[in-house]
Every structure is written in structure tokens, then in C-alpha cells.
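# Coordinates in review
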Amino acid sequence: MTTTETPRWSSRPYSDADRDAVLALYTEPDFYFRTGDPDTRPEWEILELIDEDTHVLLADGEVVGLYAVESEANNACHYSMQLRLRASAPPAWWQSAFGELLRANTWRREVVRLALRFDEFDYRGLAFARSAGLREEGTLGAVTVHEGRRHGYVSFARIWEPIS
Amino acid sequence: MRLRGYRGSDADLLAGPWLPGELLGLPLADWPPLAAPTTVPPPADPGQELCIAPGLGFVRYTELDWVHRRARVEIGLHGVDGLDVLLKTVVAHGFLTLNLSRIHGWVTPLVDPPIGLLADVGFQREAVLPEATWLDGRPIDREIWGVVRND
């Protein structure tokens, strides 16, 4: 299969069996899942980034990324998502995976707001968000330092009409 | 060169025949064979930043003060090739990746470190610490060398 074809997606909660595959993802200098400096993070710190909400994302059975969906407000149907695919994943994979994650996360619960945010230096993440039809809500400036310069993060969201 | 994060498989790189805490810890040729090697603990908390210089050894930013953005750095190397590139990388990583504004370290003149290479990347001798450590049966002096961002 070439990387432009859409793979068969699957996922599972992170477990120790995924440890080596996940550490390999963090050898990529732009694997920005909960850190702006992935390849310089030590093993212990990477494992602390991976919590019980974190799932590994598999394309045709191979670990290619991570995601997490967290509730932001118990009674507001407001969730946030963090999504990262490895550098070799083409933009079509991001769109495809995101579409499947949306479908899965709205399958048995109401979602009114789904928020994502990407650092200003995260060109792949921003390109995905801007091509996914998400609403760009603004930039919170100067929240982090990356390669000697200060950057903000850009907030995106998709909002559905509440059912009730 | 780019420093990378520590993995458990790098444990062998954390011990060697260099002075403890040395800014540029190079293997000492006359290290007694029965003397215990110097070791540093693997990174396990935010109080230190230990990275691996691929093929060379470790770089450890310790005594980290994230508020005032300064750290003491120590390096343990198993080889001596590419020191100039490594030192540039150490300073760049400290300033640009960790966003520190000051890095300093201990230099022991008796072991004849290549201080010219330190000076080339901006380090300056700041102080002499008389009888600050012990080597070969006697106390010896150490120096503090530091580099300040935007200096």
C-alpha cells in the first residue's frame, strides 16, 4: 500500500506492550504530542506524557500515532482532542483518522464542542486543522519557547448544534 | 549534531573514567583500573535534563533553576572526536531548546582540558575554587567557566 491510500484504522488504550513503538514515535523531532521537543525528552518524561486517556492509533495494524479525547466539562458536552501522526503519514491520513475519530466519539454520546489546539510552530498540525473545516478561534501568544523563539498556540474547534 | 532523549538502553553511557561533575568530562588515561568509575543517575525528574550525544556520551544539565533559567552542565564522554561540534550543540541546546540564559560548569586545569574549545563557544573563566576536589592523592583546584546568552 502506498502512503496516499487510506489505511484501515484501529486503536487501543496505551499499554506497556506499546512502549517501544511509542518511544520510536518520539524520536521524530516534530512528533508534538504533549511536548514541543519530543526527540530530546527522556524515557521517563515521555511515559509521563502518556496517561490513561491516551490511545495508540494503528494504520493497518501498525502504530502510527497517538490520540486522546478528554472531557472539558461534565454537563456541557465539551471535549478536547489531541492527535498526532508520525511524520511519514500524509495529510490524507490525518483527515481520514480525524473523520473516524469524530465518528467514534459521537457514536454513543452527544458532543457539542470539540476543541483542538496546535502550537504556532507545528506546521503539519496547523495545516491539518485548517484543512479539516475547523473553526479557528485565535492564538494565545507567547506560551512556549521552541528553538530559541517564543510561540503561542492556536485554538480550533468544531461545534455542533445541541440536541436539547 | 542534535542531542536526543535518554532511553534505558543508554545506561552504559552514564559511567566512565572522568572527574565527577566536570564540564567537559574526558576519559582520563591513568584512571586506576580498580577505581570505581564516575557515574551519574539516569534522569527521573524535572530537576535535571540529561541528553545523549549519539556515539559520544551524555550531556547533563543539572542544578536547573527554571525560574532564573540557569543550570550547571556536565558532560561525560567515551571518545574525544567532534568536541567542537558537541560543545556548540551543548550551548545551543541549553539556550534555544531549554531556554536557559546562563550555563556554567566546573573545569579542572590539572587534567589539561581543551579550554580553547570552551572559549570558542563562549565560555569564560569566572572563578577559581581552591582545593575543590580530590585527585590522585591530593586536593586540587577547580575553576568555574560560564557562558551567558546574548553575551
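Data block above holds the structure.
Note that the coordinates shown come from a computational prediction; the quantities given were computed from them, not determined experimentally.

The helix and strand tally for chain B stands at two helices and nine strands. By the compact-globule yardstick of 15 Å for 151 residues, chain B fits well, its C-alpha radius of gyration being 15 Å. Taken along the three principal axes of its C-alpha coordinates, chain B extends 40 × 35 × 30 Å. In chain B, which comprises 151 residues, the proportion classed as buried is 48%. Long-range contacts, defined here as pairs at least 24 residues apart, represent 59% of the contacts in chain B between residues at least 6 apart. Counting every atom, chain B has about 7200 Å² of accessible surface; 56% of that belongs to carbon and sulfur.

With 19 residues of chain B in contact, the opposing surface of chain A contributes 17 residues. Interface of chain B and chain A: buried area, both sides summed, is about 1300 Å²; carbon and sulfur atoms make up 43% of it. When residues of chain B are sorted by the area they lose upon contact with chain A, Arg2(B), Arg7(B) and Thr97(B) head the list and together hold 38% of the total. With a closest N to O distance of 2.5 Å, Asp39(A) and Arg2(B) form a salt bridge. Elements that contribute at least two residues to the side of chain B that touches chain A include exactly strand S1 (4–5), strand S4 (49–53) and helix H1 (83–97) of chain B. Element by element, the count of residues in the side of chain B that touches chain A is highest for H1(B), at three residues. Here the residues of the side of chain B that touches chain A are counted per class, giving eight nonpolar, five polar and six charged.

Conventions adopted
Residues numbered from 1 in each chain as written. Chains lettered and ligands numbered in written order. Predicted model: local features only at pLDDT ≥ 70, side-chain atom pairs only at ≥ 80, totals over all residues. Heavy atoms only, no water. Helix = DSSP H or I, 4+ residues; strand = E, 2+ residues; numbered from the N terminus. Rg over C-alpha atoms; globule rule 2.2 N^0.38 Å. Buried < 20%, exposed > 50% of the residue type's maximum accessible area, 1.4 Å probe, protein only. Contact = heavy atoms within 4.5 Å. Areas by Shrake-Rupley, 256 points an atom, 1.4 Å probe, with all protein chains shown as cover. Buried area = accessible area lost by both parts, 1.4 Å probe. Salt bridge = Lys/Arg side-chain N within 4 Å of Asp/Glu carboxyl O. Nonpolar A, V, L, I, M, F, W, Y, C, P; charged D, E, K, R; others polar.

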